[in-house]
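Below are the chains, spelled out letter by letter.
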Amino acid sequence: MIASIRPIRWRLVWTSLLALGLALGSFYLNQWVYAFSDDECWWKLEPARVGAQGKLEPPRVIIKEVLPDGVAEQAGILDGDELLAIQGRKVLATGDGLTAAQRQINDTLEGRILIYTVKREGETLHLPIRMVKPLDRTQLVRLVTGLLFWAVGLLVVASSPQRKTSRHFYYLGLLFLLAGSQSAGFVNTPPRWIQVAQGALGLVTGVLLGPLLFHFFLRFPHPFPLRRNRRFLLALYGTFALLGLVLTTGGMVQIFRPEIGSILGWKPGAPIPPALGATLFFTGRTFQVLTGVVVAGACVLFWVGTFRLAPRLRRAVVPVLLLTSAVVLDLVIFGILNVFLGNQGLTFRRQQWILLLPLPLMPLVFAYAVLRHGFFDVRRALARWVIYFVCLGLVLALYLGALALAFAHWLQNIPAGWAGALIGLLALPLGWILQRLLLFLRRRFRRDLGTAREIVTGALREHRNRLSEESLISGLKEALQEAFQPQLLLVLPARGQAIELPPLEDSGEGRSFQATMLEFPAPVLRHARDNRELVLGIGSDEAAWVQECGPGLRAHLDAMEAQVLVLILANQELHSAILLGGKYAELNYSREDRELLREVAIAAGIVIETAVLHRKLLDQGRLEQELHTARRIQETLTTTAFPEVPGFQLALRLEPAFETGGDLLWVKRRSDGRWLAAVGDVSGKGLAAALYMSQAIALLEFAMQHADHRLEDILVNLDQTLRNLLGVKDFLTLTLLEWDGAGRFRLARAGHPPALLIRGGQEGDTRELCPHGRGLGLRPQGINDWEVVEGTLDSRQWLVLYSDGLTEAMNKKGELYGAGRVASLLQRVWGTGSVRAASEALFRDVASFEAQNRDDRTLLILARDPA
């Protein structure tokens, strides 16, 4: 399945399969299994009257109409015949008698012959009629219309899965499909579970179709502000749901009438209580009137929205508008004729499907507009899938043709078993050929996401791009062009909180546009800063803020055919924006594409910050001052202040070897109340290590936004992202610690020195926590096998995290300080109960011991308060 519909693939699959199964199954049950048999003639009860001789003649059952070329006409039934009996059973000239006779016919199997006894001009005739099950052409036309709507909707949502309008149209197509399978009801009574299922299906379609149609035209073709009014939409859907619930309850009462009647004390065979009947009648009429009002309102919205479109889009929608209006008018005429003529003759009831023949033209003309004018970019999708299936068909045709030729000329006498084995063996290379062919076509049509990621992030890894804004932007533009091959690619520098859209000489609609400033509203930029939502869809249904900037700006963006805007922030300020048009041989930017662009924007912002800092260093020539500034920046990124952790003591200390360092010390409280701490060490020292450390802290801050991310997930994301950001030989070691108020902790280690668990001051009271796990950002990529250990920090116990700057401190003799000295000193101070005194003592001891091999030093001690 293509990447553009991968995020909603299961929703498309199960909704399509469910709707197709229900629609085709309902049509099958209505047309064949529980369809009624018919004699193709129409009777009518003629009341008592005074005859020619002045005598009162009793009521009679008269044949009023015989269907031309029907089985009744073939049997010799004529208009005006008096029906006396069917299969020897007398037809009573009463309402109940006609109902019983009709049920006798309907319950007869198709093809069985019934003997009709009729009286014609005083003569009694016995005429045999073979029962038939007529095809309900009205339901067939509605089903075909629903199938076409579903197919067009599926094509549209595959074209633009990120657009709410396309998904809305797809669900509308599903409802048309379900509505098309509905019948006026079974004449033969099916099992109750089928009646309940049909009632539920009717409830879903009846309740949702009208409101969803109105809601769709609030979005398409023009986005009306009312589409965002939640109260209105809740009232609209809620009203229909309430009415549908009442009608469904009435239907269930009819289905389970004997059981409900026995519980409520109704008399057997008696009609439902008048109050309930009046309620259901009023509710049904109200539902019909509201449905008509909603459909009429949708048509008005369609007309108004169409003439608010740009000329090119208006030309695409006008044929759909005109035909839709004509079909609605045709349905109104159909309803009126059905009310006045529905009970007046058999021929009208059998031929009324002709009035519904324009229905299938509505989805077809919409498909024409989509394909002809590219309203949803479906043409490329259709072309791609046609090529897929043509290639598959050619391969299969060649395979089957070769088998037929071989068995016709060379393998005529081969046994059947050997023939089957030969066909099976030949199917293996066929499968391999098909797989390679599909992969080849897929590569021809679109870039693989992994390839696109490698191309784009490769531009950020280039060393020459790290210290120059111009070369970074140029390399990033070339990489995006190669990865996505967009129809439009512009990198626009920011001017404050705005960018300037370039002039457009000829937009294809006879209009030209001057250079226009696109100013970002403050809420949009604030949301981008706070949540790192740096990729903005700028389609008409994705960017309401663009519409608020004025119709001219909206028309300018539509004429440029821009789809996505990527913001690049440097030092929390807008630096530039990337404007992207449609992808080559792709339909839209999928969620994976947008997530990749978001990662690229974050990484580009970090690299630009580095480039800006480097340029300042070169331009000003004040290296020491800038290093002090970088040191202050690093101190603001790291956690050196002691946060208040109820029930615990916390000691934090970080000493860089130079003005800036690559050690990482970070503590934050998660949204669910748990605490997360990190101690890490970036390879190298100085400014480069400090910059990499700042990148790692930014990624940790981003991970903190998701409370459900486990330590393993955080390490996987850090490893993948850092591999794209760090240099070829750079890496990060890290220890992550997570704990809650009860002392339960989880600890993961990525190549970092083991943690220490100190339970007392005696020998053997110290234990190393050393879960396995490789460093982050290493090349080549390894297996994601980071282990997590869990435990509980009891009263007065200490958990110690440190960097190798403490254990690898070296004296004049070349001896290392070592983890043993660290554990021994902390045990000696453990009895004081002060982790901050222990931290101060450890750093003093290491400083007096060390004579060479100066490195960044970091320490974190977490202690549980006495119970």
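Above this text is the structure in question.
Here's a quick rundown of the structure. (Residues numbered from 1 in each chain as written. Predicted model: local features only at pLDDT ≥ 70, side-chain atom pairs only at ≥ 80, totals over all residues. Heavy atoms only, no water.)

1. As for the overall build of the protein
Where we set the bar: Think of it this way: any DSSP run of H or I at least four residues long counts as a helix, any run of E at least two long counts as a strand, and we number them from the N terminus. A simple rule labels every residue: compare its accessible area, found with a 1.4 Å probe on the protein chains alone, to the largest value its type can have, and call it buried under 20%, exposed over 50%, or partly exposed in between. Residues are treated as being in contact if the distance between any of their heavy atoms lies within 4.5 Å. Here the accessible surface of atoms and residues is derived via Shrake-Rupley with a 1.4 Å probe, and residues count as covered only by protein chains that are part of the display.
Helix and strand counts for the protein stand at 27 helices and 24 strands. The burial tally for the protein puts 48% of its 867 residues in the buried class. Taking the contacts inside the protein whose residues are at least 6 apart along the sequence as the reference set, 68% of them involve residues at least 24 apart. Summed over its atoms, the accessible surface of the protein is roughly 42,500 Å², and 60% of this surface lies on carbon and sulfur atoms.

2. Observations regarding the sheet that holds strand 14 (residues 573-581)
Stated formally: Strands pair, by our definition, only if DSSP identifies at least two bridges between them. To obtain an axis, a line is fitted to C-alpha atoms, over the contacting stretch when the element is a helix, and the angle between two such axes runs from 0 to 180 degrees between their N-to-C directions.
The antiparallel open sheet is built from four strands, whose spatial order is 9-14-13-12. Two strands lie at the open edges of the sheet, namely strand 9 (489-493) and strand 12 (535-537), each paired on one side alone. Here the strands of the sheet are splayed against their neighbours by 20° on average, with no regard to which way each runs. Sheet analysis places strand 13 (residues 562-570) next to strand 14, joined by eight bridges and oriented antiparallel. Bridge pairing links L565 to L579 in strand 14. Strands in contact with helix 18 (residues 522-531) are strand 12, strand 13 and strand 14; relative to strand 13, the strand with the most contacts, it is inclined by about 65°.

3. Quick word on the nonpolar core
Selection rule: Put simply, buried Ala, Val, Leu, Ile, Met, Phe, Trp, Tyr and Cys residues joined by side-chain atoms within 4.5 Å make one nonpolar core.
If you look at the biggest cluster of nonpolar residues, it comprises 85 residues, and the most contacted ones within it are L565, L567, L597, L664 and L776. The biggest single contributor to this core is helix 21 (residues 591-620), with eleven residues. Setting aside residues no more than four positions away along its own chain, L776 makes contact with L715, L718, D719, L722, L726, F731, L732, L734, A750 and W786. Within the second largest apolar cluster, 43 residues are counted, among which are F149, L209, V327 and A367.

4. What to know about the environment of S325
Relative to the helices and strands, S325 is located in helix 10 (residues 311-341). Note: C-alpha distance between S325 and V300 (25 residues apart in sequence) is 9.6 Å.

5. Topic: the pairing of strand 4 (residues 60-66)
Along strand 4, five of the seven residues are buried, which leaves the element largely enclosed by surrounding structure. When strand 1 (residues 41-46) meets strand 4, the two strands line up antiparallel, connected through six bridges. Paired with L45 across the bridge in strand 4 is V61.

6. Some words on the pattern of salt bridges
Oppositely charged side chains can form a pair if their charged atoms are brought close together. The line we're drawing: The term salt bridge refers to a pairing of a side-chain nitrogen on Lys or Arg with a carboxyl oxygen on Asp or Glu at a separation within 4 Å.
Counting across every chain of the model gives 20 salt bridges. The salt bridge partner of R529 is E573, with a shortest N-O separation of 3.8 Å. You can see R529 sitting in helix 18 and its partner E573 sitting in strand 14, a full 44 residues away along the chain. Judged by relative accessible area, which is 22%, R529 ranks as partly exposed. Overlapping salt bridges, with partners in common, bring together R710, E712, D713, R746 and E790 in one network.

7. Let's talk about helix 26 (residues 818-830)
Heads up, the condition is: Expected span of a helix: the number of residues minus one, times 1.5 Å.
Here helix 26 contains 13 residues, and its C-alpha end-to-end distance of 19 Å stays within 8% of the 18 Å for a straight helix at 1.5 Å per residue. As for helix 26, its buried residues are in contact with strand 20 (755-758), strand 21 (766-769), strand 23 (798-802), helix 25 (804-807), helix 27 (835-849) and strand 24 (857-864).

8. Quick look at the sheet that holds strand 18 (residues 732-739)
Here we have five strands laid out as an open sheet, ordered 16-17-18-19-22, and antiparallel in their pairing. Since the sheet does not close on itself, it has two edges, and those belong to strand 16 (663-669) and strand 22 (788-792), each with one partner. Across the sheet, the axes of successive neighbouring strands diverge by a mean angle of 15°, strand direction being ignored. Where strand 19 (residues 744-750) and strand 22 come together, five bridges link them in antiparallel fashion. Within strand 22, the residue paired with F745 across the bridge is G791. The sheet strands contacting helix 24 (residues 711-725) are strand 17 (675-682), strand 18, strand 19 and strand 22, and the helix crosses strand 18 at an angle near 155°.

9. A look at the packing of aromatic side chains
Condition: Only rings of Phe, Tyr and Trp enter the pairing, Trp through its six-membered ring, and a pair is recorded when the two centres are within 6.5 Å. The plane angle decides the type: under 30 degrees is stacked, over 60 is edge-to-face, the rest tilted. Only Lys NZ and Arg CZ are tested; either one counts as a charge over a ring when it is within 6 Å of the ring centre and within 35 degrees of the ring normal.
For the coordinates displayed, the defined rule picks out 15 aromatic pairs. With centroids separated by 6.3 Å and ring planes inclined at 10°, the aromatic side chains of W675 and W739 adopt a geometry described as stacked. Taken together, the positions of W675 in strand 17 and W739 in strand 18 put the pair 64 residues apart, joining distant regions of the chain. On the basis of relative accessibility, which here comes to 2%, the residue W739 falls in the buried class. Three or more aromatic residues link up through ring pairs in this structure, and these residues are F149, F169, F176, F216, F217, F220 and F302. Geometry around F843 places R653 over its ring, the cationic atom sitting 4.5 Å from the centre. Over the face of the ring belonging to Y817 we find R821, whose NZ or CZ atom lies 5.9 Å from the ring centre.

10. Looking at a nonpolar patch on the surface
The following threshold applies: Patch criteria: residues need more than 30% relative accessible area and no salt bridge. Like-charged residues are merged within 9 Å; nonpolar side chains of Val, Leu, Ile, Met, Phe, Trp and Tyr are merged within 5 Å.
A contiguous nonpolar patch, built from L329, V332, I333, I336, V339, F340 and L341 and spanning about 670 Å² of accessible area, is present on the exposed surface. By the element assignment, F340 lies in helix 10. Residue F340 is classed as exposed on the basis of its relative accessible area, which comes to 60%.

This is a description of form; function is not addressed.
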